[in-house]
Amino acid sequence: MLINMSAPDRTDLLQGTLDLLVLKTLAGLGPQHGFGIARRIEQVSGDTVMLNQGTIYPALVRLEEQGWIDSEWGTSDNNRRARFYSLTAAGRKQLKDEVANWQRVAALVSAVLAAD
Amino acid sequence: MARALEKLRHFFGRTARLRRLEEEMRTHVELLTEEGVRSGLDRAEARRRAHLAFGNVLSTREETEEALGWPGLESLGQDLRIATRSLARRPAFAASLVAILALGLGVTIAIFTFVRGMLWQPLPVPHPEQLHLAVNPAEQHRPYRLGAGTVGRLEADPALAGRVMAYATNTQLALRQGGGPAEPVSGQFVSGGFFRGLQLAAAHGRLLEAADDELDHPRFVAVASWSWWRQKLAGDPGAIGRTVQLNGQEVTIVGVTPEAFTGLSLGSAPEIWLPKGLHAALRVRPSASIIAKDDGPEMKDWVRDDRVSWLNVMVRAPGGPAAAQAALDAAWQPQQRRLMDEVDDAQEREQIGRQRPLLQSSPQGFSSTRNGFRGAALTLMLLVVAMLCVTVANSSTLLLLRILGRGRELGVRLALGAGRWRLARAVILEGVLLSTGGAFAGLLLAAWLTTVLGEWLAPGVPLPGVDPALLLGLAGLTILLGVVLGAVPAWLGARLSPQAILQQRATGGRGTLRLGRALIVVQLAASVLMVAVAASLARDFQRAIQTDLGYARTSVITTFFDVRGAGFSFEQDEVVTARLRAAALELPQVRAVGFATSGALSRSRSASGVYFRGPDVRLAQNSSLQHESIDEGYLDAMGMTLLQGRAFTAGDREGKPKVAIINQRLAREVFGDANPLGRRYGFGLTPDNDDWEIVGVVADSRVNGVRDEPAPMSFVPYRQFQTAPGCLVVRVEGDAAGVRDQLRKAVAAAEPTLMFSSWLTIEERVQRWMRNDLAAVRLTAGFGILATLLAVIGVLGTLGHLVASRSREIAVRLAIGAEPGRVWRELVRDALRLGLAGAGLGLALSLGLLYGLGAKMMTGLHVDWLALAAAVGAGVLAAVIGGLLPARRAAKVDPLTLLKAE
């Protein structure tokens, strides 16, 4: 899904985390198009996440299939027709669950790694 | 539920969504490009970077499609197009694969259709599953022959009203229409309730009914079969009501049976049906077993005498046979008691007392043809399975080689980001496309083959068309076949690494070639099996057809006739035979003329229970000793050898002491080494004046069949045994076929009212007798040749690929001085190894088959080492021939050209 081509200092994303990032981005930014979401993730991560921007679209389709996000046509800043994605109520709940889950896992992994 | 609905909605809106996503992605790339341009890059460079940042469009698209659920329907259409194009690029390859598959599937369908028609086709009447036939469990469940009395009692049972059908064996009748010459027609005498029980309706006119067959007042009516009506009555509905002459009696044709109905026995379709009561008026004696102390019942008694058993009985029992069986038991008992009264021997009486006709479910009627066919069917099915194995292995080999040959293309597609599953699917689709093409071509082939097979193996048997269920099965089989065909190469292809392929390092690795070799060995083994079966059958056929019959073959010509049917009485027999003999002897080539009742290779015989007299006999009783009634010229005319004693003379007639000539086999069985001349036997338990004295011993002969061992038998003068002569035997100088026409004319002119069947030499009768065996030999030989050819193609392809993939190595070896001969020999040795492996496996299969199932298989199929050796030789030879061509090509590799091309 995400390919680490050459830069050794960039991080490969864990499988499934992209969905979480997309949800979080939408929660923070409000309705946004694909390009914006990808740009935002890269910005927030300080360009440490190497993202093939195209992979955002399968993620968006997956999330929409789950009913966590919704979409409608709109106009982008530079007057282009663009599809805007927004979080649904179910999506908000899912995000809360996933964040909690992620924190639990992250804490656990950190603890195990620190124990050495 | 709601989610499923949602999915379904999405599924139908799929194309729109995909288009939308594509637009989004395009916009995305454009936005990225514009960003680049704004930061000072030129447009082309910005575009390049935008694509780099966006990533692989192809795999993104695929992933998106998959995320949309039900992936692939659309891409399936794409793959289908790719597969079609890819096949169309190499039409010869596609055509040969379709042809091979068509062959395999066509033969399979044809054989299955044929076997189904022979073994499993029910009678074309309403509710055939209700039909039950009275059979004899003590005699391999053959139809029980019952007396007309038993039939009458059964018909009288009110619970069985309209459900009882009785019929006799077919008999030959002489038919004359409007003063024309007599011609033979095959008639069956049936009970009045026959057609009602079958629930058949007439195609024209009416069928027989109970009133046609009243005791003592049978109506002179007949029903024609559809095909006979079409051929002999020109299919004229006006022929209903017309009167024809049958055995000299005026009989009215009242109707025609439906086209599909051809009687109750497969392979012996009657041409007309008559009320059973008419047999006396027409002087016809169908096959019967008669148990009587006195000289035997008159023909008119057959409809009322329980001592004559001549009718097969079928009962329609919708609720199972239990009630009908009880009724049959009750109806049979009076006849059983009557028969027991006729027998003196306590042991025999007890035997009759134990007999009981059993109702057996018979939705297909009964057929000895069918029973004889079972072994052949099993053999055919096994051959078909082997053939199918060969075709699948063969086409899989070719497809595998094709994939390996396309390694470069697949590598490029993999490198471009095509998913492995997607690639595999394309290959499987090719397999399905090919097998679908093969199925259609195979269906056409099957339609043609079915008729050919039918005419070849079972002439005159109405065979059904291809079964719709079979077609459905075929569709499933086709898809399965295609998937299997494609799956193996696809699996191997999916394991390829793009780098390796692009660098031309890989040819699929060792595993691929091992698989290719295994497929070759399977093909060779199956072809060896088929050749072994064909060769064994051919050798057996050769042996059987050249058997010493014990009588002359080419110089003897025989024909059959029916004096009683023509209206002659017993007293006239001698005049008729004398006239025929004189006419034949007019021809200068004729050496001897004789008469018999049954004749050799006629499929008819008569037998009687006899007791041998004397305290020292090794066998006191033979309950069914075959008797042949002959005149004084018969043994000489047939070319049979008299070993001891004397032949019959014209003086051996009624009123004189009864005499018999027995064959060697009977003599040995009964008297051992003692001299049988002067010994006696009789039909009664105790000696009396009617006993027969043995006056001669004749060498054994195969009169009942070419394959049947000579049976113990006794010859008696027809004038003393009081049966009608029915077979004319003429021995000539040289080949009898040469005088056939002259003889036929001369003899027919001497007795114009008599109707003669075909005039054939014994040699011709032997050929005709072995016709089915010959067809089987041809069929299996065809299978064998086909399978061997396919195996050669398989070896050729696999080794050819090996040579092509190793051409660099070979070129290097040649360049550094290896002899071309060595390269050549190595490949041939490789082919030989494959051949030996295949032949070994084939030999093991053949032996397993012959030893394991030999008894259940086709007549004449047994372990024949010479045939097996020939089959093994053919298998090895096929492999070597298939290896020679690639080996030659390898030896001809020009190292310079090839290495330069690298």
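Just so we're clear, the structure is a prediction, and the values are computed from it rather than from any experiment.

Description of the overall build of chain A
1) Next: Within chain A, the regular secondary structure consists of 4 helices and 2 strands.
2) Next: Counting from the amino terminus, chain A carries its helices and strands in the arrangement α-α-α-β-β-α.
3) Next: Buried positions account for 29% of the 116 residues belonging to chain A.
4) Next: In chain A, the proportion of contacts linking residues at least 24 apart, taken out of those at least 6 apart, comes to 52%.

So, the overall build of chain B
1) Next: Looking only at helices and strands, chain B features 28 helices and 27 strands.
2) Next: Taking 902 residues into account, the globule formula puts the C-alpha radius of gyration at 29 Å, and chain B, at 38 Å, lies well above it.
3) Next: Based on the C-alpha atoms only, the size of chain B along its principal axes is roughly 135 × 75 × 55 Å.
4) Next: Among the 902 residues that make up chain B, the fraction classed as buried is 43%.
5) Next: Long-range pairs, those at least 24 residues apart, make up 82% of the contacts in chain B with a sequence separation of at least 6.

A few points about the nonpolar core
All names here are of chain B.
1) Next: If you look at the biggest cluster of nonpolar residues, it comprises 126 residues, and the most contacted ones within it are A166, A222, L311, V313, M638, V729 and V730.
2) Next: Two domains each provide a minimum of three residues to this core, namely domain 2 (128–368) and domain 4 (562–756).
3) Next: Not counting the four nearest positions on each side in its chain, M638 is found in contact with Y551, A552, V556, G594, A600 and V729.
4) Next: Core analysis: the next-biggest nonpolar cluster, separate from the first, contains 97 residues, F373, L398, L434 and F783 among them.

Re the pairing of strand β4 (residues 171–176) of chain B
Residue and element names in this part refer to chain B.
1) Next: Pairing of β4 with strand β5 (residues 183–190), which is carried by 5 bridges, proceeds in the antiparallel orientation. Directly across from L173, in β5, lies its bridge partner V185.
2) Next: Sheet topology note: the β4/strand β10 (residues 243–246) ladder contains 2 bridges and is antiparallel. When the bridges of β10 are listed, L175 appears paired with L246.

Some points on the interface of chain A and chain B
1) Next: Contacts between the two partners involve 14 residues from chain A, matched on the other side by 18 residues from chain B.
2) Next: If one sorts the elements of the side of chain A that touches chain B by residue count, helix α3 (residues 56–66) of chain A sits on top with 5 residues.
3) Next: In terms of residue class, the side of chain A that touches chain B is made up of 5 nonpolar, 5 polar and 4 charged.

Side note on unusual backbone geometry
Residue and element names in this part refer to chain B.
1) Next: Of note, L601 is a non-glycine position whose phi angle comes to about 50 degrees, a positive value.
2) Next: Following the sequence through the fold, L601 ends up in the loop between β18 (590–596) and β19 (606–612).
3) Next: The class for L601 is buried, based on 20 C-beta atoms found within 10 Å.
4) Next: Phi is positive for R603, close to 60 degrees, though the residue is something other than glycine.

Looking at the confidence of the model for chain A
Any residue range with low pLDDT should be treated as having predicted coordinates unsuitable for detailed reading.
Residue and element names in this part refer to chain A.
1) Next: On average, residues of chain A score 79 in pLDDT, and 81% of them reach the 70 mark or higher.
2) Next: When pLDDT is averaged over each helix and strand of chain A, the minimum, 84, is found for α3 and the maximum, 89, for strand β2 (residues 81–87).
3) Next: With pLDDT under 50 throughout, residues 1–11 is counted as low confidence; its partners more than four residues away or in other chains account for 19 contacts.

Focus: the packing of helix α24 (residues 771–805) of chain B against helix α26 (residues 820–853) of chain B
All names here are of chain B.
1) Next: Interaxial distance between α24 and α26 falls to 11 Å at its minimum, and their mutual angle equals 140 degrees. As α24 runs across α26, the sense of the crossing is right-handed. Mapping the contact onto sequence places V795, L799 and V803 in α24 and L827, D830, A831 and L834 in α26.

A closer look at α3(A)
1) Next: Most of α3(A) is tucked away: 8 of the 11 residues are buried.
2) Next: Positive phi appears at A:G67, one or two residues downstream of α3(A), with a value of about 85 degrees.

Let's talk about the environment of B:E819
1) Next: Checked against the element boundaries, B:E819 lands in the loop between α25 (807–815) and α26.
2) Next: With 72 residues separating them along the chain, B:E819 and B:A891 place their C-alpha atoms 8.7 Å apart.

What about the packing of α24(B) against helix α27 (residues 865–891) of chain B?
All names here are of chain B.
1) Next: Look at α24 against α27: their axes get within 8 Å of each other, and the N-to-C directions meet at 30 degrees. Remark: the crossing between α24 and α27 carries right-handed chirality. Counted together, T788, A791, V792, V795, L796, L799, G800 and V803 of α24 and A874, A878, A879, I881, G882, G883, L885, P886, R889 and A890 of α27 form the full contact between these two elements.
2) Next: Along the lines of polarity and charge, the residues of the contact of α24 with α27 split into 13 nonpolar, 4 polar and 1 charged.

A word on the environment of B:T641
1) Next: Tracing the backbone shows B:T641 in the loop between α19 (634–638) and β21 (642–645).
2) Next: Once residues within four sequence positions are removed from consideration, B:T641 is found in contact with B:V698 and B:A699.

Regarding the confidence of the model for chain B
1) Next: When pLDDT is averaged along chain B, the result is 84; 90% of the residues meet or exceed 70.
2) Next: On the interface metric, ipTM, the complex scores 0.84, and its pTM is 0.71.

So, the environment of B:L266
All names here are of chain B.
1) Next: Looking at the secondary structure, you find L266 in the loop between β11 (249–256) and β12 (272–275).
2) Next: Given 26 C-beta atoms within 10 Å, L266 falls into the buried group.
3) Next: The spacing of L266 and A791 is 525 residues in sequence and 38 Å in space, taken between C-alpha atoms.

The rules behind these values
- Residues numbered from 1 in each chain as written.
- Chains lettered and ligands numbered in written order.
- Predicted model: local features only at pLDDT ≥ 70, side-chain atom pairs only at ≥ 80, totals over all residues.
- Helix = DSSP H or I, 4+ residues; strand = E, 2+ residues; numbered from the N terminus.
- Buried ≥ 20, exposed ≤ 12 C-beta atoms within 10 Å, placed from the backbone.
- Contact = placed C-beta atoms within 7 Å.
- Rg over C-alpha atoms; globule rule 2.2 N^0.38 Å.
- Core = buried A, V, L, I, M, F, W, Y, C linked by C-beta atoms within 7 Å.
- Domains from an automatic or database assignment.
- Pairing = 2+ DSSP bridges.
- Nonpolar A, V, L, I, M, F, W, Y, C, P; charged D, E, K, R; others polar.
- pLDDT = per-residue confidence, 0-100.
- Axes fitted to C-alpha atoms, helices over the stretch in contact; angles between N-to-C directions.
- Left-handed = near helix turned anticlockwise from the far one by under 90°.

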